[in-house]
Amino acid sequence: MSKTSTPAALEARESRRLATLLEVSQALSGTLNLRSSLHRVLEILMKHHGYIRGLITLLHENGEIQIEAADGLEGPSHHIKYRVGEGIIGRVVESGRPVVVPRVSKEPAFLNRASKRSEAAKEELSFVCVPILLSRRAVGAIGVDLKYRADRDYDRTVQFLNIVASSVAQAIKIQRLIEDDKRRLVQENTQLRQELKERYDFSSIIGTSGPVRQMYEQMAQVAGANTTVLIRGESGTGKELVAHAIHYNSPRANKPFVKVSCAALPDSLIESELFGYEKGAFTGAEQRKKGRFELAEGGTLFLDEIGDINLTTQVKLLRVLQEREFERLGSTETIKVNVRLVAATNKDMERAVAAGTFREDLYYRLNVFAIFVPPLRERKADLLLLVDHFLEKFSREHRKSIKRISTPAIDMLMAYHWPGNVRELENTLERSVLMCDGQVIHGHHLPPSLQTAEASNTITRMSLADAVGAFEKDLLQDALKTTRGNRAKAARLLDTTERVLNYKIKKYSIDARRFAK
């Protein structure tokens, strides 16, 4: 348009530009595919403003300026690149300022890479290039070819393209934020998977006793297979930890691990949780929901406390194990699944089968490979290792400086029968860490249940003198342990003389040499 356009022509042009900006905004916000939206922007500009050719370039991390979208060029453009400061486009990106070339044929800095114009072409063109600015820094440029006209108002063209470039800049910003979030999520996911694998590695299960070593061997044998596993053991022994370790050391480690606590779900919900349901399958089913079997596709489904599921659900579960298929509630569509099943129970399954509360055929399907997790009372050799682990864990969590546990406290832990197994030990030591104000856990920091003879099955009949003597012996052993058998230091620690200390050691038949390690 000429600078002497009539008011009606100016109004029509402004209306066209506003309509163009609206379409550009819709094109950029209508998709997350940046390249596709940039192509659409150029199509809109070509259509409404009669540009001969157009291109949008972006500055990449390697310092090269590359064409991301083009319209009206001859041949492919993805291979065309510029360096910062090279040609008109490179100069615009370098300076962050628009450049207008009224007559392309008269401009030596114009490289003519993108349009490949013939030297014989008689049509004179103008080229307008504006920067795409993000945080006052050029991240690319928009360039258009127009038919040369001596009276063209280039300032208005630059102003209009700057507005378009501003919209494109915001789209680029959003795209980069999305890409950054995706990268961060992928990194976090990878890191979490690695942490889970390390956390549930076989070595994370603490213990060196015979029963635990046997359990390790069984876990190593079955982890690499797709065999159904039944983990048996009392409550609190660590059955879920074993299930995690089997999954994260199997070929399915990068797939989901889905847990279902069968005891926590009522009979009316267990079936819909496992197999899912269709919209309208029952009152309140407002939309389709995938069951745990579908969510665990390709991975492992862990059914904790499987001995508590009802007989109706047992029938469907048996079919899944046999046929590897099921139907959602309210559906006739058969769904195939590729899931490894790991189940756990603290019940006597043989007695449940005999009583008719658990299907015998399902029991045999589950009991392909059984792993028994020993109770803590049968692996007392591991107790000190577990104590050290939990003390370090809770000292770190609660920001305490607990260095050790006293000999009398250790004796109390060893004497207790631990009906709640490792879970009870963990809770006991967390309480002790919270109760302790110093660096050493003593007997009085332990729960009352461990301090009573009835609770620990250590009822004894002794006189007051014997009780005082037992306490005195504990003090002597604790002092010798602290000083690594050094009697002089132990005497000073107890605020007594070395002669009295030696007398007491002899009186209570304490072997001081065993502490000198």
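The structure presented is a predicted model; accordingly, all values stated were derived computationally and were not measured. (Residues numbered from 1 in each chain as written. Predicted model: local features only at pLDDT ≥ 70, side-chain atom pairs only at ≥ 80, totals over all residues. Heavy atoms only, no water.)

Engineer: Before we go on, may I ask you to explain the environment of Glu14 in this structure?
Structural biologist: You can see Glu14 is positioned in helix α1 (residues 7–29). For Glu14, a relative accessible area of 33% translates into the label partly exposed. (Helix = DSSP H or I, 4+ residues; strand = E, 2+ residues; numbered from the N terminus. Buried < 20%, exposed > 50% of the residue type's maximum accessible area, 1.4 Å probe, protein only.)

Engineer: Could you clarify how one ought to interpret the pattern of salt bridges in this entry?
Structural biologist: Side chains carrying opposite charge are able to pair once their charged atoms draw close together. One pass over the full model with this rule turns up 32 salt bridges. Residue Asp181 pairs with Arg184 through a salt bridge whose shortest N-O separation is 3.4 Å. Note that Asp181 and Arg184 are positioned in helix α4 (residues 154–199) at a spacing of three residues, about one turn of the helix. For Arg184, a relative accessible area of 38% gives the class partly exposed. Measuring nitrogen to oxygen at the nearest pair gives 3.9 Å for the salt bridge that ties Glu392 to Arg396. Remark: Arg396 and Glu392 occur in helix α12 (residues 383–397); sequence separation between them is four residues, near one turn of the helix. By relative accessible area, which is 53% here, Glu392 ends up exposed. Under the relative-accessibility criterion, Arg396 is labelled exposed at 56%. (Salt bridge = Lys/Arg side-chain N within 4 Å of Asp/Glu carboxyl O.)

Engineer: Whenever I open this one, the packing of α12 against helix α14 (residues 421–435) confuses me. Can you help?
Structural biologist: Direction vectors running N to C along α12 and α14 enclose 45 degrees, while the axes themselves pass 9 Å from each other. Viewed along their axes, α12 and α14 adopt a mutual orientation that is oblique. Viewed along their axes, α12 and α14 form a crossing whose handedness is right-handed. Here Leu386, Val387, Phe390, Leu391, Lys393, Phe394 and Ser395 of α12 come into contact with α14, specifically with Val422, Leu425, Glu426, Leu429, Glu430 and Val433. Its residues placed into classes, the contact of α12 with α14 shows nine nonpolar, one polar and three charged. (Axes fitted to C-alpha atoms, helices over the stretch in contact; angles between N-to-C directions. Parallel < 35°, antiparallel > 145°, perpendicular 65-115°, else oblique. Left-handed = near helix turned anticlockwise from the far one by under 90°. Contact = heavy atoms within 4.5 Å. Nonpolar A, V, L, I, M, F, W, Y, C, P; charged D, E, K, R; others polar.)

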